[in-house]
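# Tertiary structure, described
Listed below, chain by chain, are the residues.
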Amino acid sequence: MGESPDRTIDAWIESHASSGRVAFRFEDTSITYREFADRIAVAAAVLHRLGVQPGDRVVYCGLNRLETFEILFACARLGAMMVPLNNRLVEAELSTQIADSDPGVLLAADGFVSVLRAAAGGRTVRDLDADPFAVTDVAIPQYRVTPDATVLMVYTSGTTGAHKGAMLSQKAVLATVLNGVDHQDLSESDRVLACLPTFHVGGLNIQTLPALYVGAEVVLMRRFDPDAVLDLITRHRPTQTLLVPAMLDAIAASPRFSTTDLSCLRGICTGSSLVPESLIRSYLRRGIPIGQVYGATETGPTAVVLRYDEVADRPTSCGRAARLTEIRVVDSEGRDVKTGESGEIWLRGPNLFCGYWNNPQATQAAFSDGWYRTGDVGHLDDEEFCYISDRLTDVVISGGENIYPAEVEAVLSAHPAIAEVAVIAHPHDKWGEVPLAVVVTTQGQSLTIEDLRSWCIDRLTRFKHPQELRLVTSLPRTALGKVQKHLLRVSLNVVNSTPPPGA
């Protein structure tokens, strides 16, 4: 599809309106691209009647539903910004994000109206279940909306505890969509099953918007459920889907996983956290390759991609730079390291965000000469495939040696008594820091630090062995399954002495 520089992203839908194809299947509803285009026009008219102007913020809090996409494309037409809020946040967190974004319109659905109203500080919240969008005769001015206009503002997931609104322009959304189309070979003949929450760029931009860009069909789930996913695969026969590792694990653990016909799937994409090789192998045994997407809210997120035909040979890699993105691995001075050496991952491309809302200091710290500093540690092999080791802020520096928690976690997670594990730095008088293992045990199992050390003897060099153990009932995680290590440190009263990037 050719792109005119003055086209807003809602034009993607209109371009398929005469095709007769289905755009969405949602529960018992299906709508064609023509019907979806008409619904976008209604949503845009309603938002304009509510006073939305170019640059205004429109908040939405709810589960996955058609209105999510109507709001996004309506905002694109008006030159406004959609701000999808994480429906799993508590009132105080929502209040912080609402106060920061200062929206002109707040929309909620699926039972989240009361918490949003409590968090909104007296602002009016429209309940889309009680008061849905309806046809209005309000005419919409022909705003001059440029590709640089911010269309989507998503607050970072909170692995560091910070609330920062990452702004994605219309051209950035287009770039990440083109990255997604390219690496998944999406076409109008595809049918994708959309399971991830759409308050996150992963749920919106990795597969769902690329599918709509090419005119494919989207089967949208209101919320994830492993057996419901298997039901929808049986019923609708999708060609691709996108699942974070925790979802992949939940589906693989279902008794129905081995008996459900999955032959319609030519691949599943995943991302958001490191993917255990054992989990990838469990799907490969069913004939389903697991492609990967690496990136962040700030990168759209699609920046580094592992294609379906590459996973069998490189199951531990997250892939190579996507079509429109460049990658570097640098040392602490910003110099490129040698092939195979670890350093910080830097990314550059039109898919990058244009900054943090009202936070120029954080925006400046995020970039170096136009390159986005991911804060992740990794390396490239001689064919430019990328391997992620850990977060820069999570590295344990013990006696001058760098210990990457993900490496230790991979070894510990294979222990039969361990259900979940996270490794963080623990202060030590002699070594500065040592690895602390925070463990959720499997039901009925016990575990001691001596057990862990014994397990690691032939699996890890000695200085990487956990020196401390804490048993907990659960690990705090984001909506996409990332362990929130800053919350672990707070709950365990452990201070991380490793400075963050740019400090």
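Here, every reference points to the structure presented above.
Source: prediction; values computed, not measured.

Let us now look at the overall build of the chain. The helix and strand inventory of the chain stands at 15 helices and 26 strands. Taken against the 2.2 N^0.38 rule, which gives 23 Å for 503 residues, the C-alpha radius of gyration of the chain at 23 Å falls within 12% of a compact globule. Its C-alpha atoms give the chain principal-axis dimensions of about 70 × 50 × 45 Å. When burial is assessed residue by residue, the chain has 56% of its 503 residues classed as buried. As displayed, the chain offers around 20,600 Å² of accessible surface, 48% of which is attributable to carbon and sulfur atoms. Distance from the positive charge centre (46 side chains) to the negative charge centre (60 side chains) of the chain: 1 Å.

With 65 residues, the main nonpolar core has Phe24, Phe36, Phe73 and Leu212 as its most contacted residues. Each residue touching Phe73, except ones within four places of it in the same chain, is listed here: Ile9, Asp10, Trp12, Ile13, Phe36, Ile40, Leu209 and Leu212. Within the second largest apolar cluster, 37 residues are counted, among which are Leu193, Val219, Leu279 and Ile290.

Let us look at the pattern of salt bridges. Applying the stated rule across the entire model yields 34 salt bridges. A salt bridge links Arg237 to Asp261; its shortest N-O distance comes to 3.2 Å. Separated by 24 residues along the polypeptide, Arg237 in the loop between helix 9 (226-236) and strand 11 (240-242) and Asp261 in the loop between helix 10 (245-252) and strand 12 (267-271) bring together distant segments of the chain. Salt bridges linked by common partners bring Glu27, Arg65, Glu67, Asp110, Asp129 and Arg222 together as one network.

Bringing the environment of Ala406 into the picture now. Relative to the helices and strands, Ala406 resides in helix 13 (residues 405-412). Residue classification places Ala406 among the buried positions, given a relative accessible area of 12%. Considering only alpha carbons, one finds Ala406 and Val214, 192 residues apart in sequence, at a separation of 37 Å.

Scoring rules and cut-offs
- Along each chain, the written sequence defines residue order, and numbers are assigned to residues from 1.
- Since the coordinates come from a predicted model, pLDDT governs what is reported: local features require at least 70, and pairs of side-chain atoms require 80 or more to be given and counted, while whole-chain, interface and lining totals use all residues.
- As a rule here, side-chain values cover all heavy atoms of the structure and leave hydrogens and water aside.
- Here a strand is any run of E in DSSP of at least two residues, a helix any run of H or I of at least four, and the numbering for each starts at the N terminus.
- Radius of gyration: C-alpha atoms only; globule rule: 2.2 Å multiplied by the number of residues to the exponent 0.38.
- Each residue's exposure class comes from its accessible area (1.4 Å probe, protein chains only) as a fraction of the maximum for that residue type: buried when under 20%, exposed when over 50%, partly exposed otherwise.
- Areas reported as accessible are Shrake-Rupley estimates using a 1.4 Å probe. Residue values count occlusion only from the protein chains shown.
- Positive charge is attributed to Lys and Arg, negative charge to Asp and Glu, and no charge count is given to His or to the chain ends.
- Positions of charges follow a simple convention, taking NZ of Lys, CZ of Arg, CG of Asp or CD of Glu.
- What is meant by a nonpolar core is a set of buried Ala, Val, Leu, Ile, Met, Phe, Trp, Tyr and Cys residues, joined one to another through side-chain atoms within 4.5 Å.
- Whether two residues touch is decided by their heavy atoms; if any such pair falls within 4.5 Å, the residues are in contact.
- Any Lys or Arg side-chain nitrogen located within 4 Å of an Asp or Glu carboxyl oxygen qualifies as a salt bridge.

By themselves, these figures tell us nothing about what the structure is for.
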